[in-house]
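The residues making up each chain are set out below.
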Amino acid sequence: MSAETPGARGAQNGIRTGDTSAQGLRLAGKPVKARRGRIIAVASGKGGVGKTFLSITLSHAFARRNQRTLLFDGDLGLANIDIQLGLMPQYDLGSVIAGKLSLNQAAMRFEAGGFDIIAGRSGSGSLANIPLSRLQLLGEDLALVASRYDHIVLDLGAGVEKSVRQLARAADTVLVVTSDEPTALTDAYAFIKVTVLERPNTDIRIIVNAANSTREGDRTYQTLFKACQSFLKISPPLAGIVRRDTRVRESIRNQTPILTRSPSSEAALDVEAIADRLVAG
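Counted by the stated rule, this structure contains two aromatic pairs. Ring geometry for phenylalanine 110 against phenylalanine 115: centres 5.3 Å apart, planes inclined by 65°, an arrangement best described as edge-to-face. The same class applies to phenylalanine 110 as to phenylalanine 115, namely buried. Their ring planes at 40° and their centres at 5.5 Å tell us that tyrosine 221 and phenylalanine 225 sit as a pair that is tilted. With a gap of four residues between them, tyrosine 221 and phenylalanine 225 both fall in helix α9 (residues 214-232), about one helical turn apart. Neither residue differs from the other here; tyrosine 221 and phenylalanine 225 are each classed as buried.

Structure below.
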């Protein structure tokens, strides 16, 4: 599988982490006014709510709509996008942080899904303690790379640690994933709270995953929505409900995207509906 992408072919114009001059996107000393794609962070307070599955499937759904898409594994402690897709990337985010590669050079093409991927360093927690200054530069570089895409899907780590919040700052829209488990709701609320305190105007939307039915998913959303209204004075909209589906586990076990393995399954159709709404605005 080739590691060369439209971004990689133009890697000489890429930005290395730590280079704040943005010279790669300037022409004759003047900034190039390129349309920047939308960065969508997929977050959760609690691990195990299906955040990475949703990030992969959403990226695939965007690509199926002819949207140039980059999936960025921002789970610095437990990166696993490459594992879920059965990939062995030649490069990963560790090389970017070390200053050996630009983000463009680290991107690889996932031909089966029609989108690009920047993999994290799976099986290693070595990126979990990156200084915040380096994360800030990484977020700035990500915003520059966004000029090459329609959408960048940023799969964040779980929790509300500073590293997670710093990467979330690069996003235009934050999708907070929860389930009906009390701990998932509590932790999703905690993530929303700290995000709103740091960036009051953040575009936050909620996804309820693994809902037994659309009605139960809406009930879960209303629980979180009312807490946000009462205590934070905000009204985050519902991005979508993804129904519980045994084919999700099958697709993960077989390291195959659900839109490839079971495109007509309930979960696949639900994520596609979310993609349609995001593309529309």
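Enumeration over the complete set of coordinates arrives at three cavities of 30 Å³ or more. Taken as a whole, the largest cavity holds about 70 Å³ of empty space. Elements represented by at least two residues in the lining of the largest cavity include exactly α2 (51-64) and α10 (246-253). Each residue belonging to the lining of the largest cavity can be placed in one class, and the counts come to six nonpolar, five polar and no charged.

Tracing the sequence through the fold places isoleucine 130 in the loop between β6 (115-118) and α6 (132-145). On the basis of relative accessible area, isoleucine 130 is assigned to the buried category, the value being 10%.

Here the focus is the sheet that holds strand β7 (residues 151-156). Here we have eight strands laid out as an open sheet, ordered β5-β6-β4-β7-β3-β8-β9-β10, and mixed in their pairing. Each of the sheet's edge strands pairs with one partner strand only, and the pair in question is β5 (108-110) and β10 (238-243). On average, adjacent strands in this sheet sit at an angle of 25° to one another, irrespective of strand direction. Its contacts with the sheet place helix α8 (residues 182-198) against β3 (38-43), β7, β8 (173-178) and β9 (203-211), and it is angled at close to 160° to β8.

Looking now at the side chain of serine 55. One can find serine 55 in helix α2. Those residues within four positions of serine 55 in sequence are excluded, and the remaining contacts are Val42, Leu71, Val153 and Asp155.

Looking now at the confidence of the model for the protein chain. The predicted model of the protein chain has a mean per-residue pLDDT of 86, with 85% of residues at 70 or higher. Throughout residues 1-33 the model reports pLDDT below 50, and contacts reaching past four residues in sequence, or to other chains, amount to 68 contacts.

With that settled, the discussion passes to the layout of surface pockets. Remark: the empty space left among the atoms is shown by a probe the size of a water molecule rolled over them. Put simply, the largest pocket is a space of about 730 Å³. When contributions to the lining of the largest pocket are tallied by element, the ones reaching two or more residues are α2, β9, β10 and α10. At six residues, the largest contribution of residues to the lining of the largest pocket is made by α10. By residue class, the composition of the lining of the largest pocket is nine nonpolar, 10 polar and 11 charged.

What counts, and where the lines are drawn
Residues numbered from 1 in each chain as written. Predicted model: local features only at pLDDT ≥ 70, side-chain atom pairs only at ≥ 80, totals over all residues. Heavy atoms only, no water. Phe/Tyr/Trp six-rings, centres within 6.5 Å; stacked < 30°, edge-to-face > 60°. Buried < 20%, exposed > 50% of the residue type's maximum accessible area, 1.4 Å probe, protein only. Helix = DSSP H or I, 4+ residues; strand = E, 2+ residues; numbered from the N terminus. 1 Å grid on protein atoms, 1.4 Å probe; cavity = no way out; pocket = protein on both sides within 12 Å on 5 of 7 lines; lining within 4 Å. Points joined across faces, edges and corners; volume = space filled by probe spheres on them. Nonpolar A, V, L, I, M, F, W, Y, C, P; charged D, E, K, R; others polar. Pairing = 2+ DSSP bridges. Axes fitted to C-alpha atoms, helices over the stretch in contact; angles between N-to-C directions. Contact = heavy atoms within 4.5 Å. pLDDT = per-residue confidence, 0-100.

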